[in-house]
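Residue-level structure breakdown
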Amino acid sequence: IGVEGTKLNEDFIKMEKKTQITHKLILDLITKTTEYLHPNPAYRAKVSVLSTMSRIRGQVKKAGYPQTEGMLGDCMLRYGTELGVESAFGCALVDMGQALWEMAKVRDCLDVCVKQSFIDPLQILHDKELKEIAHHLRKLEGRRLDFDYKKRHKGKITDFEIKQALEKFEESKELAERSMFNLLENDVDQVQQLLGLTEAVLDYHQQSCHILDNLQSSLQNRLIEASNRPRREFRSKSVASSLCYTDIYGFSTFSSVQSSGVVFLTYQNIRSYLLFADSPLDQPCCRALYCFKAENQGELGFKMGDIITLTSKIDENWYEGILRGESGLLPISYVDVLVPLPQ
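Here's a quick rundown of the structure. (Residues numbered from 1 in each chain as written. Predicted model: local features only at pLDDT ≥ 70, side-chain atom pairs only at ≥ 80, totals over all residues. Heavy atoms only, no water.)

Right, let's get into the state of the cysteines. A complete count under the given rule lists zero disulfides for this structure. Looking at Cys-109, it has no disulfide partner, and the nearest cysteine sulfur is the one in Cys-113, 6.5 Å off. Here Cys-113 falls in the partly exposed class, since its relative accessible area comes to 35%. (Disulfide = S-S within 2.5 Å. Buried < 20%, exposed > 50% of the residue type's maximum accessible area, 1.4 Å probe, protein only.)

Another aspect to go through is the nonpolar core. If you look at the biggest cluster of nonpolar residues, it comprises 36 residues, and the most contacted ones within it are Phe-12, Leu-110, Val-114, Leu-137 and Leu-140. Of all the elements in the fold, those that place two or more residues in this core are α1 (10-37), α4 (88-152), α5 (159-185) and α6 (187-228). Excluding its chain neighbours within four sequence positions, the residues that come into contact with Leu-110 are Leu-37, Ala-200, Val-201 and Tyr-204. Core analysis: the second largest hydrophobic core is formed by twelve residues, Cys-286, Leu-300, Ile-308 and Leu-330 among them. (Core = buried A, V, L, I, M, F, W, Y, C linked by side-chain atoms within 4.5 Å. Helix = DSSP H or I, 4+ residues; strand = E, 2+ residues; numbered from the N terminus. Contact = heavy atoms within 4.5 Å.)

For the rest of this paragraph, the subject is the packing of α4 against α6. Direction vectors running N to C along α4 and α6 enclose 180°, while the axes themselves pass 9 Å from each other. When the interaxial angle is binned, α4 and α6 end up roughly antiparallel. Among the residues making up the contact of α4 with α6, the classes are represented as 24 nonpolar, seven polar and four charged. (Axes fitted to C-alpha atoms, helices over the stretch in contact; angles between N-to-C directions. Parallel < 35°, antiparallel > 145°, perpendicular 65-115°, else oblique. Nonpolar A, V, L, I, M, F, W, Y, C, P; charged D, E, K, R; others polar.)

Let us now look at the pattern of salt bridges. Under the criterion given, the structure shown has twelve salt bridges. The partner of Asp-28 in a salt bridge is Lys-32, with the nearest N and O atoms 3.1 Å apart. With Asp-28 and Lys-32 both in helix α1 and four residues apart, the pair spans about one turn of that helix. The class of Asp-28 is partly exposed, set by a relative accessible area of 41%. A salt bridge links Asp-306 to Arg-324, with the nearest nitrogen and oxygen atoms 3.4 Å apart. Linking Asp-306 in the loop between β4 (285-288) and β5 (307-313) with Arg-324 in the loop between β6 (318-323) and β7 (326-331), this pair joins segments that are 18 residues apart in sequence. For Asp-306, a relative accessible area of 13% corresponds to the buried category. Residues joined by salt bridges that share partners form a network here, namely Glu-141, Arg-144, Asp-148 and Lys-151. (Salt bridge = Lys/Arg side-chain N within 4 Å of Asp/Glu carboxyl O.)

Function cannot be read off these values alone, since they describe shape.
Dropping the structure here:
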């Protein structure tokens, strides 16, 4: 005898369809949100592997995603430091590199906030409630088929068994229906999670805006300072004027090419040579009379003839200065002041 299969009511079918949509959108939201935070797939894969290895080794700290702001900031900091504090462009690069590193830290905070307030709750929803609903629906389908089979074989199967199959079917339907109802009626939690995502992104952009406002002011000041700096005239110096060698008696000798030939300078007239060899500079500085090797921390090493920018006088024996982007202490007796420090 042909017996029509048991059909579920329309409300149940609509609820099941909405639950399936919720299941798909939760998985897609988790994936797309992770891609929003970490857009580079190669880095995502690398971080995933490193994090797995850290867990295997029992390490608490996981590998962090390399933020693009941090990578650009690293580049600017490196080359800005190499250009040195004498370069307005170098100082501006350092300023911007530091600002980008601050933005990278803010981006790291965004990652943590979004994971805690949005991704983790969705993952829990998928792993618990949706998984439980899927289990109830599979069990319901099995009991529905069992009930229909026994209905079709009525006569061969007792009424008691058919009734028992119906009761189990109704029990599974009630459990599945209740769990789907609770999920679909719990919109408050899902909206709260979306609000958490929005607040985290808004906080990231507000902090980034504050950092960029400060950077803009700093770069404008750098621009004004560079524009107001007096321009120095270019003056070529012959190669011979900078040559230094040691004669047969062990004395260091400078050679200077003049129209009448080569003039050899000894220690008695080094001072006057150093004072007038170059045009005056536009900031406190000195020229090294001898080579000095830094032996203690905080000292500044230099070679004879180096022009060192003076920043302060420590005491009767030491200046503080800057050379090629490095600062430190230098002995007063080793240098000749070209432009004195302001009183």
